[in-house]
Amino acid sequence: MHFHCLQHMPDEGPGHAADWLAAQGHALTFTKLFEPNPSFPALADFDGLLILGGAMSVHDEDRLPWLRNEKAFIRKALRAGKITLAICLGAQLVAGALGGEVRPNHAPEIGFWTVRFSAKSLEHPLLRGWPEKAAVLHWHLDTFTVPPGALRVGMSAATATQGFVWGDGVIGLQFHPEMTVAMVEQLMADEGHERAEEQEFVQTAEQIRSRLKSVWKGRKLLEALLENLVALHESEAAQPTVS
C-alpha cells in the first residue's frame, strides 16, 4: 500500500507510523508544506493519506497561503474515497473539510492525559483491537466538532472530541499516537516548554518526561489502526469489478 504524508513542520514527522509502514513493506511519500512551493501528487499515485500535526491553525490562510491549496487537495482526496488518517492539525483540517467547526478549546491540553473511547466507536472496524481507554500525548490549543455523519471516537477531561471516524476509511485523532520519545523532547524544545508552569491540563516538562513510557501506548493504538486501514484497502482491492 502507498501512503502519502502531508507534513507541516520539519520536526513533526510520521514517527511510529513511518517505522510500521517500512517494516510492513508499504511505501511512504511526502508533501513537505514547510518547503518552498510544495506540490501534491495525483490522486492515482497513492492509496492512503496521512496528515500530520503542526503549530499553526487551520485559520492561518493569510499568513500561510499554502493552507488553501492543502485544504483543496484534502477535499479532493476525500471525494475520491481515499483512506485517510489525520492527526491533531490534520484532524482539524479534515473535520473542517467535512463540515465540522474548528475553534479554540476552552483550555490548552499538553502532556499525557487519558482518552476514553466510546463503546460505539470501538465497534468500528478501524478501531478493532483498541482498549476502552489509554493515556496518550496531547499538544493542542484548538478543537473541532464532530463532522456531520461522523462518529465521535472518544473524549478526555479537557477535550470533548478526541477524534472521529467518517465512513469506512477516514479517521481523525486530536492526540498524537505517532510521536516517539525523541519527537516529544524536540517538541518541548521547539515550544520552550522547559519554562512552562503547570496548569489544569498542562503538564510541566518534568511531568511529561516522567510519563514518556506512555508513547508506547500510543504506538500500539497507531499500529492497530494502520493494520486495520491496510486490511480495509486490501479488502476493497479484492472486490470484483463490474464491467
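Residues numbered from 1 in each chain as written. Predicted model: local features only at pLDDT ≥ 70, side-chain atom pairs only at ≥ 80, totals over all residues. Heavy atoms only, no water.

An unreviewed UniProt entry annotates the chain as Type 1 glutamine amidotransferase originating from Hymenobacter mellowenesis.

Per the secondary structure count, the chain includes 6 helices and 10 strands. Relative to a compact globule of 243 residues, whose C-alpha radius of gyration would be 18 Å, the chain shows 17 Å and is just as compact. The principal-axis extents of the C-alpha atoms in the chain amount to approximately 65 × 40 × 35 Å. At a minimum sequence separation of 6, the contacts of the chain that also span at least 24 residues come to 74%. Surface exposure of the chain reaches about 11300 Å², of which carbon and sulfur atoms provide 50%. Counting 21 positive and 29 negative side-chain charges, the chain places the centres of these two groups 4 Å from one another. (Helix = DSSP H or I, 4+ residues; strand = E, 2+ residues; numbered from the N terminus. Rg over C-alpha atoms; globule rule 2.2 N^0.38 Å. Contact = heavy atoms within 4.5 Å. Areas by Shrake-Rupley, 256 points an atom, 1.4 Å probe, with all protein chains shown as cover. Lys, Arg positive; Asp, Glu negative; His and termini not counted. Charge placed at Lys NZ, Arg CZ, Asp CG, Glu CD.)

Okay, the side chain of His26 next. Along the chain, His26 turns up in the loop between helix H1 (16-23) and strand S2 (27-32). Given a relative accessible area of 16%, His26 falls into the buried group. Within the structure, His26 has its side chain in polar contact with the backbone nitrogen of Met1 (distance 3.0 Å). Look past the residues within four positions of His26 in its chain and what remains in contact with it is Met1, Trp20, Leu21 and Val230. (Buried < 20%, exposed > 50% of the residue type's maximum accessible area, 1.4 Å probe, protein only. Polar contact = N/O pair within 3.5 Å; in protein donor to acceptor, adjacent residues only side chain to side chain.)

Let us look at the packing of H1 against helix H6 (residues 215-237). When two helices pack together, their arrangement is given by the angle between the helix axes and by the axis-to-axis distance. Closest axis-to-axis distance for the H1/H6 pair is 10 Å, and the angle between their directions is 45°. By the criterion of interaxial angle, the relationship of H1 to H6 is oblique. Seen from above, H1 lies across H6 with right-handed handedness. Across the interface between the two elements, His16, Ala17 and Trp20 of H1 pack against Val215, Trp216, Arg219, Leu222, Glu223, Leu226, Glu227 and Val230 of H6. (Axes fitted to C-alpha atoms, helices over the stretch in contact; angles between N-to-C directions. Parallel < 35°, antiparallel > 145°, perpendicular 65-115°, else oblique. Left-handed = near helix turned anticlockwise from the far one by under 90°.)

The subject of this paragraph is the side chain of Gln162. Within the fold, Gln162 resides in the loop between strand S8 (154-155) and strand S9 (163-166). In terms of polar contacts, Gln162 uses its side chain to reach the side chain of His138, at 3.4 Å. If we skip the residues at most four places from it in the chain, Gln162 touches Glu109, Val115, His138, His140, Gly154, Met155, Ser156, Gly172, Leu173, Gln174 and Phe175.

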